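Given next are the chains, with one letter for each unit.
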Amino acid sequence: MTFTFRPLDPLKDAKLLHGWVTHPKAAYWMMQDAKPEDVERAYMEIAADAHHHAFLGLLDGEPSFLMEKYDPAHRELVGLYEPEPGDVGMHFLTPATGTPVHGFTRAVITAVMAHLFEDPATRRVVVEPDVGNKAVHALNEAVGFVPEREIQKPEKKALLSFCTREQFVAAAGVAA
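Below, the structure is looked at part by part. Along each chain, residue indices are assigned from 1 in the same order as the chain's sequence is written. Restriction of local features to residues with pLDDT of at least 70 applies here, the model being predicted, together with a cutoff of 80 or more for giving and counting side-chain atom pairs; totals for whole chains, interfaces and linings are based on all residues. Computation of side-chain values covers all heavy atoms of the structure but excludes hydrogens and water.

What follows concerns the packing of aromatic side chains. In summary, the pairing rule links any two rings of Phe, Tyr or Trp, Trp by its six-membered ring, whose centres are within 6.5 Å, and it sorts them by plane angle into stacked for under 30 degrees, edge-to-face for over 60 and tilted for everything else. Applying the stated rule across the entire model yields 5 aromatic pairs. Between F5 and F65, the aromatic rings sit 5.6 Å apart at their centres with planes inclined by 80°, giving edge-to-face as the arrangement. With F5 in strand β1 (residues 3-7) and F65 in strand β3 (residues 62-70), this residue pair connects regions lying 60 residues apart in the sequence. Members of the aromatic cluster, each reached through a chain of ring pairs, are F3, F5, F65 and F104. Helix and strand assignments come from DSSP, with helices taken as H or I runs of at least 4 residues and strands as E runs of at least 2, each series counted from the N terminus.

A few words on the environment of A27. Its place among the elements puts A27 in the loop between α1 (10-21) and α2 (36-47). Judged by relative accessible area, A27 falls into the partly exposed class, the value being 39%. Each residue gets one of three labels from its accessible area relative to the maximum for its type: buried under 20%, exposed over 50%, partly exposed in between, using a 1.4 Å probe on protein chains only.

Salt bridges are counted wherever a side-chain nitrogen of Lys or Arg sits within 4 Å of a carboxyl oxygen of Asp or Glu. Scanning the entire structure with this criterion turns up 11 salt bridges. Salt-bridge contacts for D13 lead to R6; the nearest nitrogen and oxygen are separated by 2.9 Å. Here K157 ties to E150 by a salt bridge, and the two come within 3.6 Å at their closest N and O atoms. A relative accessible area of 40% means that K157 is categorised as partly exposed. Here the salt bridges share partners, and the residues they tie into one network are E76, E128, K153, E155 and K156.

Below, the discussion takes up the packing of helix α3 (residues 104-117) against helix α5 (residues 165-172). Fitting a line to C-alpha atoms yields each axis, with helices limited to the stretch in contact; the angle taken between N-to-C directions then spans 0 to 180 degrees. Packing of α3 against α5 brings their axes to within 11 Å, and their N-to-C directions diverge by 145°. Crossing hand, α3 versus α5: left-handed. Mapping the contact onto sequence places R106, T110, M113, A114 and F117 in α3 and R165, F168, A171 and A172 in α5. Residues were grouped as follows: Ala, Val, Leu, Ile, Met, Phe, Trp, Tyr, Cys and Pro as nonpolar; Asp, Glu, Lys and Arg as charged; and all remaining residues, including Gly, as polar. Of the residues assigned to the contact of α3 with α5, the class counts are 6 nonpolar, 1 polar and 2 charged. Helix crossings are classified by the rotation of the near helix relative to the far one: an anticlockwise turn of less than a right angle makes the crossing left-handed, while a clockwise turn makes it right-handed. Two residues qualify as a contact provided that any one of their heavy atoms is within 4.5 Å of a heavy atom in the partner residue.

All right, on to helix α4 (residues 134-142) then. The set of residues buried in α4 consists of V136, H137, L139, N140 and A142. Packed against the buried residues of α4 are β4 (87-93), α3, β5 (124-127), β7 (157-164) and α5. G144 sits one or two residues past α4 and shows a positive phi near 110°.

Another point: the nonpolar core. One recurring pattern in soluble globular proteins is that nonpolar side chains are buried together. The set of buried Ala, Val, Leu, Ile, Met, Phe, Trp, Tyr and Cys residues whose side-chain atoms join them within 4.5 Å is what this entry labels a nonpolar core. Residues M90, F92, V112, M113 and F145 are the most contacted members of the largest nonpolar core, which totals 23 residues. Mapped onto this core, the elements with two or more residues apiece are β3, β4, α3, β5 and α4. Top element by residues in this core is α3. It accounts for 8 residues. Once residues lying within four places of it in the same chain are set aside, the contact partners of F92 are W29, L66, M67, T105, V108, I109, V112, V136 and L139. Listed in part, the 16 residues of the second largest apolar core include L17, W20, I46 and L93.

Structure representation (structure tokens):
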């Protein structure tokens, strides 16, 4: 599977995203009760933020997943850990589907990580999934993330984990 990325357009993509982020399988996205205008507003805020960016991942030109990258020195993790130069924070969401494709989500996270490491300034990717999200912990470990510790964010208890370029290459078996 070959994925491409394009910047998310909050006005054009909000309806699609609304269906993704409010689905019961996206509970960890914490937007279950969001209305379409709430989703649009949230992504308009991200679009206006110099330290947070949202992208759609495309498969054969069709939107297939959501990826956010952020600067953890300025967003999400401020005061919760000591950021290092080259740290990049990441979230990703694969939408629920009635016809799951075996290996799809692993291919997505691998593509996301490869995309982030295309920037030579990226030295380490930082994630902070909910401690209860065991499925994403397994995916993160499969691409090289090493859990460091649990942290308390305002909205959740999270598992702070890191992945260097070298750990990603070793785990995923791809060049970065």
